[in-house]
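Breakdown of the fold
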Amino acid sequence: MPLLAATALSYHTPDRTLLDNVSFALHHGQKVALVGRSGSGKSVLLQALADLLPLDSAVTDRIMLNRNGKLTSLSQIPPPDYRSAVALFHQTPSLSDGTVLDNLTAPFGFKYHQNKKFDKDWHLQKLATLGKNDNFIDQSIHELSGGERQIVSFLRTLQFNPTVALFDETTSALDDETAHLLMRLVLDWHDDTKALIWVTHTPSEQQALGADLWRMDNGVLAV
Ligand SMILES: Nc1ncnc2c1ncn2[C@@H]1O[C@H](COP(=O)(O)OP(=O)(O)OP(=O)(O)O)[C@@H](O)[C@H]1O
């Protein structure tokens, strides 16, 4: 049974078809590199899977998440539960004013996470593997490079251990070394119970991730 699946998923704007009959099954442990020309609909697909498009229930019934061994349609899952299971990472993360620590702890202010405990040691250990010392956590967000901002964004979401992670060209503006460090962080999170889709224009990223290749062409997905 897949972890995340779509069956004949279509999405139209008044003048265009952006997703055309998209079907796939993403399995536990699977890693996918999603490629395709600019404008082919890769981001739209990820937004749909992350429940960020204004989809009606006829459409959200076509996206299914495996919840405790039962395939359940998106329309039947409370949005906070779905969004904590399926996380979307953007190319340009949106972070708030304040320090790295402020941003990492901010989600604990939401009702959904308020009973969870922030684990500073987990973050410091991850940061150490990325070559960042303990002072990094007290730095102002405004002092960070694009790659460092992406590190904060990854840690902020991965600390809640999503089941499916969707990466929308998250490393395209970064140098190779930073991109590979971020990939290491992702591979560290990933295991046989998780799955990921990684949108990229860089063939070497597919190899580095050991990912299957899916291709998007004009709203049509070939898996
Ligand atoms: N949320 C949205 N609502 C409506 N149309 C959108 C939305 N997001 C993107 N589009 C449009 O859908 C088409 C496909 O865009 P999309 O961003 O998915 O392409 P892409 O394959 O991710 O391209 P790139 O590789 O350049 O990022 C474009 O014409 C874009 O303008």
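Residues numbered from 1 in each chain as written. Predicted model: local features only at pLDDT ≥ 70, side-chain atom pairs only at ≥ 80, totals over all residues. Heavy atoms only, no water.

Where the residue is not glycine, phi is negative for most of them; where a peptide bond is considered, it is trans in most cases. Backbone geometry at Asn161 places phi at a positive 55°, although glycine is not the residue there. Along the chain, the position of Asn161 falls in the loop between helix H6 (146–158) and strand E7 (164–168). Judged by its relative accessible area of 44%, Asn161 falls in the partly exposed class. (Helix = DSSP H or I, 4+ residues; strand = E, 2+ residues; numbered from the N terminus. Buried < 20%, exposed > 50% of the residue type's maximum accessible area, 1.4 Å probe, protein only.)

Looking now at the packing of H6 against helix H7 (residues 176–189). Two elements in contact, H6 and H7, have axes separated by 10 Å at closest approach and are oriented at 5°. On the basis of the axis angle, H6 is roughly parallel to H7. Residues Gly147, Gln150, Ile151, Phe154, Leu155 and Leu158 of H6 form the contact with H7, whose participating residues are Thr178, Leu182, Leu185, Val186 and Trp189. Partitioning the contact of H6 with H7 into residue classes produces eight nonpolar, three polar and no charged. (Axes fitted to C-alpha atoms, helices over the stretch in contact; angles between N-to-C directions. Parallel < 35°, antiparallel > 145°, perpendicular 65-115°, else oblique. Contact = heavy atoms within 4.5 Å. Nonpolar A, V, L, I, M, F, W, Y, C, P; charged D, E, K, R; others polar.)

Right, let's talk about the site of the ligand for a bit. In the vicinity of the ligand there are 15 residues, among which Arg16, Gly39, Lys42, Ser43 and His201 approach most closely. A distance of 2.8 Å separates an oxygen atom of the ligand from a polar atom in the backbone of Gly39. In the environment of the ligand, a nitrogen atom lies 3.0 Å from a nitrogen or oxygen atom belonging to the side chain of Gln47. In isolation the ligand offers 630 Å² of accessible surface; the protein chains occlude 65% of this area. Secondary-structure elements contributing two or more residues to the shell around the ligand are strand E2 (16–26) and helix H1 (42–49). In terms of residue class, the shell around the ligand is made up of three nonpolar, eight polar and four charged. (Near = heavy atom within 4 Å. Polar contact = N/O pair within 3.5 Å; in protein donor to acceptor, adjacent residues only side chain to side chain. Areas by Shrake-Rupley, 256 points an atom, 1.4 Å probe, with all protein chains shown as cover.)

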